[in-house]
Amino acid sequence: VCFIPGGLDCSISFVSHVLGKVCVHGWQKEILEVLVPCLTDLTKSDCIWQRICWQLVECVPDRWMEAVVLGFVQRAPGADVLSRLLGNLVVKNKKAQFVVAQKMLLLQYGHTTAVLQNLLGYLALDSSRRPLLLRVLQDLLETWSSSSAVKHSPAEQQLYISKAILICLSHLKEPEIASCRQELLTSMMEGVKCHLESSLSQLRRLGMVVAESISLNINTEGPVLKFEYEEDDETRELKSLLVQTPSFCVVPSLPDDDRSEKAGAAPPLVPERNEKSYTAALVKADEASDAELDSDDDLIPYDMSEDKELKLKAPMYIRDCIEVLTGSRSEDVDKWEATVKALESLVRRNPAATREVSVELAKILLHLEEKTCMEGFVELRQRAQVAVLTTDPIPVAKYLTSQFYSLNYSLRQRMDILDVLVLAAQELSCPKFHGKTKHSGVQKPCIQLLPESDSSKGWRRIVDERIKSKTRRFDMGQSRVELASCPNEFNSVAGYFFFPLIQHFDRPLTTFDLLGEDHLVLGRLVHTLAVLMYLAVNTVAVTAMGKALLEFVWALRFHTDSYVRQGLLSCISSLLLSVPTERILADMTEELLETQSWLGDVMEKDPDGDCRRLALQNLLLMENLKKKLEAVPS
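Counting from 1, residues in each chain are numbered in the order their sequence is written. Selection of residues for local features in this predicted model requires a pLDDT of at least 70, selection of side-chain atom pairs for listing and counting requires 80 or more, and totals for whole chains, interfaces and linings are taken over all residues. To get the side-chain values, all heavy atoms of the structure are used, and hydrogens and water are removed first.

Engineer: Requested: an account of a nonpolar patch on the surface, with residues and values cited.
Structural biologist: On the surface, Phe-14, Val-15 and Val-18 cluster together into a nonpolar patch covering about 300 Å² of accessible area. With respect to the helices and strands, Phe-14 occurs in helix H1 (residues 13-42). Classification of Phe-14 as exposed rests on a relative accessible area of 64%. Residues forming no salt bridge and having over 30% relative accessible area are the ones grouped into patches, like charges within 9 Å of each other and nonpolar side chains (Val, Leu, Ile, Met, Phe, Trp, Tyr) within 5 Å. Here, Shrake-Rupley sampling with a 1.4 Å probe gives the accessible areas, and only protein chains in the shown set may cover a residue. Salt bridge, as used here, is a side-chain nitrogen of Lys or Arg placed within 4 Å of a carboxyl oxygen of Asp or Glu. Think of it this way: any DSSP run of H or I at least four residues long counts as a helix, any run of E at least two long counts as a strand, and we number them from the N terminus. A simple rule labels every residue: compare its accessible area, found with a 1.4 Å probe on the protein chains alone, to the largest value its type can have, and call it buried under 20%, exposed over 50%, or partly exposed in between.

Engineer: An account of the environment of Val-333 is needed here, citing residue identities and associated values.
Structural biologist: With respect to the element layout, Val-333 can be found in helix H18 (residues 333-349). Along the primary structure Val-333 and Lys-371 are separated by 38 residues, whereas in three dimensions their C-alpha atoms are 7.6 Å apart.

Engineer: So what's going on with the nonpolar core? Residues and values would help.
Structural biologist: Joining through side-chain atoms within 4.5 Å is the link that ties buried Ala, Val, Leu, Ile, Met, Phe, Trp, Tyr and Cys residues into a set, and such a set is a nonpolar core. In this structure, Phe-404, Phe-490, Phe-497 and Leu-525 are the most contacted members of the largest nonpolar core, which totals 88 residues. A total of nine residues in this core trace back to one element, the largest contributor, which is helix H26 (residues 519-535). Domain boundaries shown here were taken from an automatic or database domain assignment. Inspection of this core shows a minimum of three residues originating in each of domain 3 (312-391) and domain 4 (426-431 + 489-633). Should any heavy atoms of two residues lie within 4.5 Å, those residues are counted as being in contact. Sequence-distant contacts of Phe-404, defined by excluding residues within four places in its chain, comprise Arg-414, Ile-417, Leu-418, Leu-501, Phe-512, Leu-514, Val-521 and Leu-525. Core analysis: the second largest hydrophobic core is formed by 77 residues, Phe-72, Val-115, Leu-137 and Leu-141 among them.

Engineer: Give a detailed account of the packing of H26 against helix H28 (residues 562-578), specifying residues and quantitative values.
Structural biologist: At a closest axis distance of 8 Å, the pairing of H26 and H28 adopts a crossing angle of 10°. Taken together, the axes of H26 and H28 are roughly parallel relative to one another. For the pair formed by H26 and H28, the contact residues are His-519, Leu-520, Leu-522, Gly-523, Arg-524, Val-526, His-527, Ala-530, Met-533 and Tyr-534 on the first element and Tyr-563, Val-564, Gln-566, Gly-567, Leu-568, Ser-570, Cys-571, Ser-574, Leu-575, Leu-577 and Ser-578 on the second. Under the convention adopted here, Pro, Cys and the residues Ala, Val, Leu, Ile, Met, Phe, Trp and Tyr are nonpolar, Asp, Glu, Lys and Arg are charged, and Gly plus all remaining residues are polar. Split into classes, the residues belonging to the contact of H26 with H28 amount to twelve nonpolar, eight polar and one charged. To get an axis, fit a line to the C-alpha atoms, keeping to the stretch in contact for a helix; angles then go from 0 to 180 degrees between the N-to-C directions. By definition in this entry, angles of less than 35 degrees are roughly parallel, angles greater than 145 are roughly antiparallel, angles of 65 to 115 are roughly perpendicular, and the rest are oblique.

As structure tokens, then:
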């Protein structure tokens, strides 16, 4: 560092130009890794060096400003340091304001949480920059509550915006919240609605967490929003952003220092209310202890250590199960639970009796509701449905697929139908494993002598076993499970599972519109068709299924929901893996070329990362098929 003696004035615009040009030409990391720590130490206690540093960044030309500001924000160890280095640059320079308040928050989403905390903490540390913080929060909430942004932006960007909103909320003071309370409430209601409509569970959970946080900040005295969701690391990280770190709390430039008081009072959300409830709990405890003193303490309790719970016997016949499940008597609750638990095994043990009432039983199970708080009820009902469907596939599959497009069914029931069809198709298509294990090792085999009448026929077997017993082998590989040779039971029924589901997807009903607001069920339907297509490999109907599925995909290829597009791309993968290559080229050549062009566009332009990955995977599958055909001699 050079010093100028004699108190002479100097200009550092040349140094600013050099810094900007070096940063914009790709040497940002190398120069700022040295410069930022040096300036951090110099500006810690020297206000002159702070002014020099402010002049250094303010004199950078606008065309290079983005690279310099971005480097400082990324490498500053904290918001207070960044405030010393940049000063009020975002207030004085429009280009820097655009980079900080717009580009880094709304147009980019690759920065870390620490960079976000630096950036927004920097805006909150000075009274002249706090109006910009409020404007940033309003822009973020406008994007977060936009249904178009939720549909067309990737989940990573939604997470990034959610983090920025929560960090902004942690820096707001009570007067600032009061001034924009109505705008926060409006954005919260619109945003949580479009997030809960999303097919992706991650986006739904993000909407719940952000809405809870906004509600907590704007309703400090009244009731707050509370959703039920499973907490994970991402959720816990988001909630932790509402608590400020100590370095962001004490700011000498602010006129009042109530930020530290707010941060200190953050953990107990409503302290007065908690104190009142705690006092009331103590009073109730004292009253309970007084009541215990007045009770009859001398009574000797009965010894119930050897008592056993009476187990109600489950029905032994299918028709008895139907009577119990359709009965309305409330006193048979125990028998009802026993019937639900035993139904699957009873169906599998009595296939002939099940086929007589299979459709009736499928109807009862589809409409069956839980009467008690029975553990695992949903899984038990689903397993019973799968057992009925695999026992009598054709009539039950006809019934279930017809009910999928019928009136007066909830979305949950329609998705249950899809789940049962997939699980039953997997069971029917997979070979049965028997417990017979074929061991080949150095163990001496047990040779059984054949009867005299068969000795001439079995002499080679005896000789082979003797040779095997005398042979020393160092490695015979692992033991292998021998598969029983059994036909694919899904072969003859695949069409009954597949074609009815694909027929009426474009016909809206009064309470069910797959191409409209019920896109969550459409996504589940598309994924179900992909699984059924994959399981239909080597079946007779696989070619016809592939052609119908390709037309279905082509009709929905531009759907706005990313979950639906992921399912469509999975359908293409299943088609390429299941349909024989010769049939693909003979029956679907033109469609395949158009699909390849579409996959290229998806791989380059789709905002969802999973869609781009699936499109690339499909293109690689097509390339492999092409290589296989070229390798076959004509």
